[in-house]
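Analysis of the macromolecular model
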Amino acid sequence: MSDNTETLANLGTEERRFAPSADFAANANLTAEAYEEAAADRLAFWEKQADRLSWETRWTQALDWSNPPFAKWFVGGKLNAAYNCVDRHVEDGAGDKVAFHWVGEPEDDTRDITYAQLKDEVCQAANALAELGVGTGDRVAIYLPMIPEAVVAMLACARLGAPHTVVFGGFSAEALSSRVLDCGAKVIITADGGYRRGAASALKPAVDEAVTKVEAEQPGLVEKVLVVRRTGQDVAWDESRDVWWHESVGNASTEHACEFFDAEHPLYVMYTSGTTGKPKGILHTTGGYLTGAAYTHWGIFDLKPNSDVYWCTADIGWVTGHSYMVYGPLANQATSVMYEGTPDSPHKGRWWEIVQKYGVTIFYTAPTAIRTFMKWGDEIPNKFDMSSLRLLGSVGEPINPEAYVWYRETIGGGRTPVVDTWWQTETGAIMISPLPGVTHAKPGSAMKAIPGIVADVVNDEGQSVPDGSGGYLVIREPWPSMLRTLWGDDERFKETYWSRWEGMYFAGDGAKKDVDGDVWVLGRVDDVMNVSGHRLSTTEIESALVSHPKVAEAAVVGATDEMTGQAVCAFVILRESAGDGGADIVQELRDHVAKEIGAIAKPRQIMIVPELPKTRSGKIMRRLLRDVAENREVGDVTTLADSTVMDLIKEGAATST
Ligand code: WTA
């Protein structure tokens, strides 16, 4: 916890409080009674939330926790996630309601998709996938830009009971192939390309490369590649494997009778960085996950489905895109905005222009975006009428109080509650957050566990720390949207999350309880970095660097960065045979990391050094490297095997950046 002491010392000086307006409080979906209700009977509270969904067969037991940490929620219940997200709304007469205002990157490229249209397309895609051989339990990888087909593909898989694994379109062929192999996906759904800042960029070649890699390891695994034509660019084509979406889905029937699956049927696998090099496949199942997503989306965002226009800016390739762009909003019959492009193209006011155009009322984004807008200046958002906004949300990393206040004032016009929501890929849904109609929120604090969730901050011994002190964030009781295991690796699931303290889920974050008992999340205490709200593993980037022929050894740290929260800084020892590596060595290594993992993992800084600081047992002391990366006085070096190493590194760092 030593890395957090500085941050800890700075907390507690924050005196600002923001209470909801009387009007907001009077009309809020979630009221303070929910805390009492959940505390009195937690399982009954969750059963009530599960009733937001349509069940074909009702469950007989809320929770089976007889074999911890393997939970079963809503035992015996049967449902279909896609039916809950589309069909039932159409059956309820809401077919003409807009599910998505889709906004393409090219400015004139927009499409409103109603629930009835979405249902037709999901049924078509389900029929087409079944035709391609996808059955219940088969895995499908989805590697698409932010286009409507991405949502359709996810729901079509859910409809068939075929777990999907969505891989962020910015990830490399290497990352895609390792995920396809790990979960054994037999079909990949992709596009010819996507649009980024006004230009078409290819996607299909990465899939072709990934399939070649997969073929080398497991021949015949990938049977079909279903390709959406988005940009119209030329693509290489394998007649026996590749299928156009518009031909296969486009010609399929819009009728599809769905099957209902067990509440614990796998819904999806989402890969996320862990402390080792190999990404973890987080498994979410159907009934509990959908319950958690629907409840929190309704309660924390105060969704009024008939008047709100909701916009979550996350990419579909992350868990936030799953829970708060697809499953939560659609289960709740929301009208959402979905945007394909970046915030700065063709101009830096694009997001606010979209808010104005569609009258967005609820807006959910990440602190890194907020800080970027802050830097660009108030004049940009001030040009647009954003008076429709009534609630703002933040997720992905700690939000610094200044950014919180700016967000509330400049984007929210000083009226909107801001919900700082803490959760993880593993938790499936929001866990700690203000209740927008109840909480007197403190900028920078996620405040309290939401009704139904039991969180705590504990010390090394696993004991609850008193108010005013720091420790590790844990969850004390199982919850419906919790991960069920890591795909194919029950042992690693137990070891990673449940082994530190008996009966507690360890989230990997450090946190502090302030004098009022409110929670301030301080960030990861393990070797996971959080760059612009994206989780990256130090080990994964180190392995990528070491796979370069000129590199002998590498150590990666996350250094504090004003814009991105943390930034990747790498210290690299070159092989003797590489000499000084050549004039372009830094660029060469950055590109290599992008190729191995994806552009988001590119180090901000690479320092070529002669040595790395190691303890006598050979463990790299990242704390000292972080001191160098953050330009600080280097801390205690007494446990180093060779204490002069740091001088060499500092010299090296000074000359190579
Ligand atoms: C961090 C994203 C502080 C945290 C939903 C967590 C946060 C990791 C917050 C999960 C927040 C997320 N305040 N830190 N409001 N939200 N985090 O799996 O370190 O991509 O463990 O899920 O992001 O990242 P993940």
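Residues numbered from 1 in each chain as written. Predicted model: local features only at pLDDT ≥ 70, side-chain atom pairs only at ≥ 80, totals over all residues. Heavy atoms only, no water.

Quick reminder of the rule: UniProt positions are given in the numbering used here, feature names are shortened, and annotations may be inferred rather than shown by experiment.
Per an unreviewed UniProt entry, the recorded name for the protein is Acetyl-coenzyme A synthetase, and the organism is Nocardioides marmorisolisilvae. Database annotation for the protein, UniProt heading Sequence similarities (unreviewed entry): "Belongs to the ATP-dependent AMP-binding enzyme family."

**Details of the overall build of the protein**
Threshold: Each helix is a run of DSSP H or I of at least 4 residues and each strand a run of E of at least 2, with the numbering of both proceeding from the N terminus. The globule rule used for comparison is 2.2 Å times the number of residues to the exponent 0.38, while the radius of gyration itself is calculated over C-alpha atoms. Categorising residues by exposure relies on relative accessible area from a 1.4 Å probe, with only protein chains included: less than 20% of the type maximum marks a residue as buried, more than 50% marks it as exposed, and the intermediate range marks it as partly exposed. In what follows, residue pairs with any heavy atoms lying within 4.5 Å of each other are defined as contacts. Computed by Shrake-Rupley with a 1.4 Å probe, the accessible areas treat only the displayed protein chains as cover when residues are assessed. Positive: Lys, Arg. Negative: Asp, Glu. His and the chain ends are not part of the count. Where a charge lies is defined by one atom per residue type: Lys uses NZ, Arg uses CZ, Asp uses CG and Glu uses CD.
Regarding its fold elements, the protein presents 21 helices and 30 strands. Its C-alpha atoms give the protein a radius of gyration of 24 Å, near enough to 26 Å, the size a compact globule of 657 residues would have. In terms of principal-axis extent, the alpha carbons of the protein reach across some 75 × 60 × 55 Å. The buried share of the protein, taken over its 657 residues, is 61%. Pairs at least 24 apart in sequence give 71% of the contacts found in the protein among residues at least 6 apart. Of the roughly 24100 Å² that the protein leaves accessible, carbon and sulfur atoms contribute 48%. One way to put it: in the protein the 61 positive side-chain charges average out to a point 1 Å from where the 93 negative ones average out.

**Examining unusual backbone geometry**
Across the junction of Pro 68 and Pro 69, the peptide omega takes the value 0 degrees, indicating a cis bond. Locating Pro 69 in the fold gives a position in the loop between β1 (61-67) and β2 (70-75). Each neighbour pair has its own omega, and for Ser 345 with Pro 346 the value is 0 degrees, a cis peptide bond. Structurally, Pro 346 can be placed in the loop between β17 (335-339) and α13 (350-358). Phi is positive for Ser 532, which is not a glycine, with a value near 50 degrees. With respect to the helices and strands, the residue Ser 532 is situated in the loop between β26 (528-531) and β27 (534-537). With a phi close to 55 degrees, Asn 631 is a non-glycine residue in the positive phi region. Judged by relative accessible area, Asn 631 falls into the exposed class, the value being 72%.

**Concerning the sheet that holds strand β22 (residues 470-475)**
What counts, and what does not: Strand pairing follows a simple DSSP-based rule, namely that at least 2 bridges must link the two strands. Axis angles are defined between N-to-C directions and span 0 to 180 degrees, where every axis is a line fitted to C-alpha atoms and, for a helix, only to the segment in contact.
Strand order in the open sheet made by the four strands is β21-β22-β24-β25, with antiparallel pairing throughout. At either end of the open sheet lies a strand with only one pairing partner, and these are β21 (455-458) and β25 (519-524). Here the strands of the sheet are splayed against their neighbours by 45 degrees on average, with no regard to which way each runs.

**Side note on helix α19 (residues 585-596)**
Put simply, the test is: Any helix carries an expected span of 1.5 Å times its number of residues minus one.
Helix length check: α19 (12 residues) gives 16 Å between terminal C-alpha atoms against 16 Å at 1.5 Å per residue, within 8%. When α19 is considered as a whole, its buried residues turn out to be Ile 585, Leu 589, His 592, Val 593 and Ala 594. Contact partners of the buried residues in α19: α18 (538-546), β28 (551-561), β29 (565-574) and β30 (605-608). Just downstream of α19 lies Gly 598, where phi reads positive at about 155 degrees.

**A closer look at the UniProt feature "binding site: Mg(2+)" (unreviewed entry) in the protein**
Per the UniProt entry, the sites bearing "binding site: Mg(2+)" (unreviewed entry) are Val 546, His 548 and Val 551 in this numbering. Topologically, Val 546 is positioned in helix α18. Its place among the elements puts His 548 in the loop between α18 and β28. Among the residues examined, His 548 registers a relative accessible area of 6% and is labelled buried.

**A few points about the site of the ligand**
In plain terms, the rule: A molecule or strand has a residue near it when one of that residue's heavy atoms lies within 4 Å. Any pair of N or O atoms that falls within 3.5 Å is considered a polar contact. Within protein, one atom must be able to donate a hydrogen and the other to accept it, and sequence-neighbouring residues count only if both atoms are side-chain atoms. Classes in brief: Ala, Val, Leu, Ile, Met, Phe, Trp, Tyr, Cys and Pro nonpolar; Asp, Glu, Lys and Arg charged; the others, Gly included, polar.
Lining the immediate environment of the ligand, one finds 17 residues, of which Asp 420, Thr 421, Thr 425, Asp 509 and Arg 535 sit closest. One of the side-chain N or O atoms of Asp 509 is found 2.6 Å from an oxygen atom in the ligand. Within the complex, 96% of the 530 Å² of free accessible area of the ligand lies under protein. Elements that contribute at least two residues to the shell around the ligand include exactly α12 (319-331), β20 (418-421) and β25. Within the shell around the ligand, the residues separate by chemical class into six nonpolar, six polar and five charged.

**Describing the nonpolar core**
This is how the line gets drawn: For our purposes a nonpolar core is just a set of buried Ala, Val, Leu, Ile, Met, Phe, Trp, Tyr and Cys residues, chained together by side-chain atoms within 4.5 Å. For the domain bounds, the source is a domain assignment made automatically or taken from a database.
Membership of the largest hydrophobic core comes to 162 residues, with the highest contact counts inside it found for Leu 118, Leu 155, Ile 189, Tyr 327, Leu 330, Ile 541 and Val 572. Broken down by element, the residue count for this core peaks at 10 residues, all from helix α7 (residues 148-160). Taken domain by domain, the makeup of this core includes at least three residues from each of domain 1 (22-510) and domain 2 (532-655). Once you skip the residues sitting within four places of it in the chain, Ile 189 turns out to touch Leu 129, Val 140, Ala 141, Ile 142, Tyr 143, Leu 144, Ala 153, Leu 226 and Trp 245.

**A short note on the environment of Ser 323**
By secondary structure assignment, the location of Ser 323 is in helix α12. A relative accessible area of 0% places Ser 323 in the buried class. Once the C-alpha coordinates of Ser 323 and Arg 632 are considered, the two residues, 309 residues apart in sequence, prove to be 39 Å apart. Excluding residues that lie within four positions of it along the chain, Ser 323 makes contacts with Tyr 268, Tyr 289, Ala 293, Gly 328, Pro 329, Trp 423 and Gly 428. In this structure the side chain of Ser 323 is engaged in a polar contact, spanning 2.7 Å, whose partner is the backbone oxygen of Gly 428.

**Digging into the domain arrangement of the protein**
Short version of the rule: Here the quantity called buried area is the total loss of accessible area, with a 1.4 Å probe, experienced by two parts when brought into contact, counted for both. Salt bridge, as applied in this entry: a Lys or Arg side-chain nitrogen positioned within 4 Å of an Asp or Glu carboxyl oxygen.
Each assigned domain of the protein is listed here: domain 1 (22-510) and domain 2 (532-655). Distance between the C-alpha centres of domain 1 and domain 2: 33 Å. Across the contact, 25 residues belong to domain 1 and 19 residues belong to domain 2. For the pair domain 1 and domain 2, the summed buried area comes to about 1600 Å², and 47% of that belongs to carbon and sulfur atoms. The interface formed by domain 1 and domain 2 includes one salt bridge. Across the salt bridge formed by Glu 426 and Arg 535, the nearest N and O atoms sit 2.9 Å from each other.

**Some thoughts on the state of the cysteines**
What counts, and what does not: We call a pair of cysteine sulfur atoms a disulfide whenever their separation is within 2.5 Å.
Per the counting criterion, the structure on display carries zero disulfides. With no disulfide of its own, Cys 85 lies 11 Å from the sulfur of Cys 258, the closest cysteine sulfur. What makes Cys 85 buried here is its relative accessible area of 0%. Cys 258 supplies the cysteine sulfur nearest to Cys 123, a cysteine that is in no disulfide, at a spacing of 8.0 Å. Accessibility expressed as a relative area gives 1% for Cys 123, which makes it buried.

**Focus: the packing of helix α6 (residues 115-131) against α7**
Short version of the rule: When the near helix sits turned anticlockwise from the far one by under a right angle, the crossing is termed left-handed; a clockwise turn instead gives a right-handed crossing.
The N-to-C vectors of α6 and α7 enclose an angle of 65 degrees; their axes lie 8 Å apart at closest approach. Between α6 and α7 the crossing geometry is right-handed. Each of Leu 118, Glu 121, Val 122, Cys 123, Ala 125, Ala 126, Leu 129 and Ala 130 in α6 lies in contact with α7, whose residues at this interface are Val 152, Leu 155, Ala 156, Cys 157, Arg 159 and Leu 160. Residues belonging to the contact of α6 with α7 are distributed by class as follows: 12 nonpolar, no polar and two charged.

**Examining the sheet that holds strand β4 (residues 98-103)**
Strand order in this open sheet of seven strands is β5-β4-β17-β16-β18-β19-β20, and the pairing throughout is mixed. Whereas interior strands pair on both sides, the edge strands pair on one side only; in this sheet they are β5 (110-114) and β20. Averaged over all neighbouring strand pairs, the angle between strand axes comes to 20 degrees, with direction disregarded. Of the pairings in the sheet, the one linking strand β16 (residues 309-312) to β17 comprises three bridges and is parallel in character. Looking across to β17, one finds that Trp 311 is bridged to Val 337. The sheet contacts of α12 involve β4, β16, β17, β18 (362-365) and β19 (391-395), and relative to β16 the element is tilted by about 160 degrees.

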